[in-house]
Amino acid sequence: MSDNQDIRIKVTPSAPNPSDKAVPPLVDIHEEEDGAVVLTVEIPGADKDKVDVRVDKGVLTIWADGEDVQVPEEYVPTYVGFVGSEYFRAFALSDEVDRDNIQAKVADGLLTLRLPRASAAQTKKIEIKAG
Amino acid sequence: MNGFGWQGWWNPWQRLREMEREMSRLFGDVASPVGATFPPVNVYTDNEGATVTAELPGVEPKDLDISVRDRTLVLRGERKAPEGADDERWLRRERAFGQFTRSVDLPFAVDADKVEASCRDGVLKVQLQRSEADKPKQITVQS
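Residues numbered from 1 in each chain as written. Chains lettered and ligands numbered in written order. Predicted model: local features only at pLDDT ≥ 70, side-chain atom pairs only at ≥ 80, totals over all residues. Heavy atoms only, no water.

The next subject is the overall build of chain B. When you go through chain B residue by residue, the secondary structure sums to two helices and eight strands. Sequence-ordered secondary structure for chain B, helices as α and strands as β, is α-α-β-β-β-β-β-β-β-β. Looking at chain B residue by residue over its 143 residues, the buried ones come to 42%. Intrachain contacts of chain B at a sequence separation of at least 6 include 54% that bridge at least 24 residues. Counting only carbon and sulfur atoms, one obtains 47% of the accessible surface of chain B, whose full area is about 8,700 Å². (Helix = DSSP H or I, 4+ residues; strand = E, 2+ residues; numbered from the N terminus. Buried < 20%, exposed > 50% of the residue type's maximum accessible area, 1.4 Å probe, protein only. Contact = heavy atoms within 4.5 Å. Areas by Shrake-Rupley, 256 points an atom, 1.4 Å probe, with all protein chains shown as cover.)

What follows deals with the environment of Glu60(B). All names here are of chain B. Within the secondary structure layout, Glu60 lies in the loop between strand E2 (49–55) and strand E3 (64–69). Of the residues examined, Glu60 reaches a relative accessible area of 35% and is grouped as partly exposed. Each C-alpha atom of the pair Glu60 and Gly77 lies 9.1 Å from the other, and the pair is 17 residues apart in sequence.

So, on to the confidence of the model for chain B. On average, residues of chain B score 80 in pLDDT, and 73% of them reach the 70 mark or higher. In this model residues 28–35 of chain B is a low-confidence stretch, pLDDT under 50, and it forms 14 contacts with partners more than four residues away in sequence or in other chains. (pLDDT = per-residue confidence, 0-100.)

Attention shifts here to the interface of chain B and chain A. Tallying the contact residues gives 44 residues for chain B and 37 residues for chain A. A buried area of about 3,800 Å², summed over both sides, lies between chain B and chain A, and 54% of it is on carbon and sulfur atoms. Linking chain B with chain A are five salt bridges. Residue Glu42(A) pairs with Arg95(B) through a salt bridge whose shortest N-O separation is 2.8 Å. Applying the counting rule to chain B against chain A returns 18 residue pairs in polar contact (both at pLDDT 80 or more). (Buried area = accessible area lost by both parts, 1.4 Å probe. Salt bridge = Lys/Arg side-chain N within 4 Å of Asp/Glu carboxyl O. Polar contact = N/O pair within 3.5 Å; in protein donor to acceptor, adjacent residues only side chain to side chain.)

Shown next as C-alpha cells:
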C-alpha cells in the first residue's frame, strides 16, 4: 500500500478553486544538500488521483481531497475525533526554484514535493555591441 | 446529575470522553509537541463490533503497534522526520515527530483474535468483533 505514486505537475494558467471547507494542510519545509527545497505535506485520506499540484505565475498551489475516510455505512459513529478534509494551500516560489522540474509523490497520506534549485549559471553577461 | 445513578454506565459517549481526557492528560503533551491528542480517532460501533479509524499521515505500518485487551485498543508508534532533514536546514516545521500512544476505550469487550487492521493513504482502519461472551443473551420466557 505504501507504493510511491508519481504525480504529474500541471503548469496551467488557472489555479484550482477550493471550496469553503478546504483547510490548510500541515507542511514541513527543509533544504537538501544540493539546495533543493523539499515540502512534506500532510494530506491523510487523499490518494494520488485526488491531489492537484500546480505552478502558475510563480505560485505553487496544492489541493487534495481526503474527505472519503471509508466510513462503514452500517455503523453508528460513537466517537468522532476527526473528519476527512479537503486541503488547499498556496506558496509563492522564489526565482531560484526551477519550476519546470518540480517532482511530486504521494505515500501514506504524505505529499512530498521536491523543488530543485535553478542552475547556478543564472548570471548572464550581456555583450555590448559596438556602434 | 438528576439523582439517577444509572446515567453514567449506559452512555458509552460519556465513558469514552472520560477515557480520552484521561489519556490526553497522561500522554497527550508528551507524545505530541503540538498539544493535540495524536492520532485523532473515530469510533463506529454496532451490536456486532466496532471500527476505529485514525489519521496517521506519514506513519508506515511497520512503525505501528496495535494491541487489544478486553475493552481497550492501544495504538503505539512513531512519527519520523523526513529523511535528509538536518536540524539546521529546516525552513518550516509544522508537523510533529516522535513516539505516540493512544488508548481507545470501547463500549464492549472485543475478541482479540479477530482484529483486522489496514492502512490506506495515511488513514488506519481497525475492525474489531465484539466478544461472544459479551454479547447480550436472548432469554426465552417459558409459559
